[in-house]
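# Chains, contacts and geometry: an overview
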Amino acid sequence: MTAEGGPAIPATPPLTERQEARRRRILHASAQLASRGGFDAVQMREVAESSNVALGTLYRYFPSKIHLLVATMQDQLQHMHTTLRKRPPGGDSAAERVAETLMRAFRALQREPHLADAMVRALTFADRSVSPEVDTVSRQTTAIILDAMGLERPTPEQLSAVRVIEHTWHSALITWLSGRASIAQVKIDIETVCRLIDLTTHEPEGPATPPGRRGRADVGRQDS
């Protein structure tokens, strides 16, 4: 039974070492094809041939091209997350660290524009059947942002801010890929939305202070 009292959903059996290796080959082939020719270049038959698996086997792992490309994005984000943990972002505030993190992720995608376009298009085309894969991408992005913020137990308000930041990052990626925004504009938008983090940092309660007059010094005096 689950915590809510409903019937427990059987967990998906973990992949064997051989199955995991096969899945890795499939994702690598998908990324390679997308890097060379974008969304249209990722054809399931070619992916099967490139990864040395039967076409039927490929469809058992990924029921459609959209499933495959969304999983490819999750894999790319996982690699980014590992790199970011090895070389954490700088910045004095959480907002600055998150902005730097997202711009580093953006620049990584910028180096592979065809791949980025293919993955973003797959996310855009995804229907409800791809919800688990899309949710995994969202959770991976959230984890990257929370790591940059330095939070293990975010408040609901902070999680709401993170979702807005995710939406903005995704939208900025789309507008850049379509040629409607420059890298400079993307950076400005990312830095602007990351300031939401400051609004979700609650200050200690104390005597009423007129809006715009309360600063760090005031907080320090209240804590003393």
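Residues numbered from 1 in each chain as written. Predicted model: local features only at pLDDT ≥ 70, side-chain atom pairs only at ≥ 80, totals over all residues. Heavy atoms only, no water.

## Describing the overall build of the protein
We count it as follows: A run of H or I in DSSP counts as a helix once it spans at least four residues, and a run of E counts as a strand once it spans at least two, with each numbered from the N terminus. Should any heavy atoms of two residues lie within 4.5 Å, those residues are counted as being in contact. Here the open area of atoms and residues is found with the Shrake-Rupley method and a 1.4 Å probe, where only the protein chains shown may cover a residue.
Scanning the protein for helices and strands turns up 11 helices and zero strands. Here the contacts in the protein between residues at least 6 apart in sequence split such that 67% fall between residues at least 24 apart. About 13500 Å² of surface is accessible on the protein, with carbon and sulfur atoms providing 52% of the total.

## Let's talk about the nonpolar core
The test is simple: Residues enter a nonpolar core if they are buried and are Ala, Val, Leu, Ile, Met, Phe, Trp, Tyr or Cys, with the set joined through side-chain atoms within 4.5 Å. Residue exposure (1.4 Å probe, protein chains only): buried if accessible area is under 20% of the type maximum, exposed if over 50%, otherwise partly exposed.
Counting residues in each nonpolar core, the largest one holds 59 residues, and the members touching the most others are Val-98 and Cys-194. If we skip the residues at most four places from it in the chain, Cys-194 touches Ala-95, Val-98, Ala-99, Leu-102 and Ile-165.

## What about the side chain of Arg-22?
Mapped onto the secondary structure, Arg-22 falls in helix H1 (residues 17–37). Setting aside chain neighbours within four positions, we find Arg-22 in contact with Val-53, Thr-57 and Tyr-61.

## Observations concerning the confidence of the model for the protein
Inclusion rule: Confidence per residue, as judged by the predictor, is encoded in pLDDT with a range of 0 to 100.
For the protein, the mean per-residue pLDDT works out to 86, and 84% of the residues sit at or above 70. The element-level mean pLDDT for the protein is lowest in helix H11 (residues 216–223), coming to 44, with helix H2 (residues 44–51) highest at 97. Here residues 1–10 scores under 50 on pLDDT; set against residues more than four positions off or in separate chains, the count is five contacts. Scored below 50 in pLDDT, residues 203–224 shows 14 contacts in the model against residues more than four places distant or in partner chains.

## A closer look at the pattern of salt bridges
Threshold: Take a side-chain nitrogen of Lys or Arg and a carboxyl oxygen of Asp or Glu: if they are within 4 Å of each other, that pair is a salt bridge.
Enumeration over the complete set of coordinates arrives at five salt bridges. The partner of Asp-147 in a salt bridge is Arg-85, with the nearest N and O atoms 3.0 Å apart. Here Asp-147, found in helix H7 (residues 131–149), pairs with Arg-85, found in helix H4 (residues 65–86); they are 62 residues apart in sequence, far enough to count as distant. Given the relative accessible area of 57%, Arg-85 is considered exposed. The partner of Asp-117 in a salt bridge is Arg-121, with the nearest N and O atoms 3.9 Å apart. Taken together, the residues span about one helical turn, with Asp-117 and Arg-121 both in helix H6 (residues 113–125) at a distance of four residues. Residue Arg-121 is classed as partly exposed on the basis of its relative accessible area, which comes to 30%.

## Things to note about the packing of aromatic side chains
For clarity, the cut-off: Two aromatic rings, drawn from Phe, Tyr or Trp (for Trp, its six-membered ring), form a pair once their centres lie within 6.5 Å of each other, and the interplanar angle then sorts them: stacked below 30 degrees, edge-to-face above 60, tilted otherwise.
According to the stated counting rule, one finds two aromatic pairs in the structure shown. Taking the centre distance of 5.6 Å and the plane angle of 80° together, the rings of Phe-39 and Phe-125 count as edge-to-face. In this pair, Phe-39 sits in the loop between H1 and H2 while Phe-125 sits in helix H6, placing the two residues 86 residues apart along the sequence. Relative to Trp-176, the ring of Phe-106 lies with its centre 5.3 Å away and its plane at 70°, an arrangement referred to as edge-to-face.

## With respect to H1
Applied cut-off: To estimate the expected span of a helix, count its residues, drop one, and scale the result by 1.5 Å.
Look at H1: 31 Å from first C-alpha to last across 21 residues, which is about the 30 Å you get at 1.5 Å a residue. Of the residues making up H1, those classed as buried are Arg-22, Ile-26, Leu-27, Ala-29, Ser-30, Ala-31, Leu-33 and Ala-34. As for H1, its buried residues are in contact with H2, helix H3 (55–61), H4 and H6. Residue Gly-38 follows H1 closely and has a positive phi angle near 75°.

## Looking at the packing of helix H5 (residues 94–110) against H7
Inclusion rule: Each axis is a line fitted through C-alpha atoms, taken for helices only over the stretch in contact, and angles between the N-to-C directions span 0 to 180 degrees. Convention used here: angles under 35 degrees read as roughly parallel, angles over 145 as roughly antiparallel, angles from 65 to 115 as roughly perpendicular, and any remaining angle as oblique. The crossing is said to be left-handed when, going from far helix to near helix, the turn is anticlockwise and less than a right angle, and right-handed when the turn is clockwise. Gly falls in the polar group here, along with every residue not listed as nonpolar (Ala, Val, Leu, Ile, Met, Phe, Trp, Tyr, Cys, Pro) or charged (Asp, Glu, Lys, Arg).
Packing of H5 against H7 leaves a shortest axis separation of 8 Å and a crossing angle of 140°. Relative to H7, H5 is oriented oblique. Viewed along their axes, H5 and H7 form a crossing whose handedness is right-handed. On H7, the residues touching Ala-94, Arg-97, Val-98, Thr-101 and Leu-102 of H5 are Ile-144, Ile-145, Ala-148 and Met-149. Residues of the contact of H5 with H7, tallied by class, amount to seven nonpolar, one polar and one charged.

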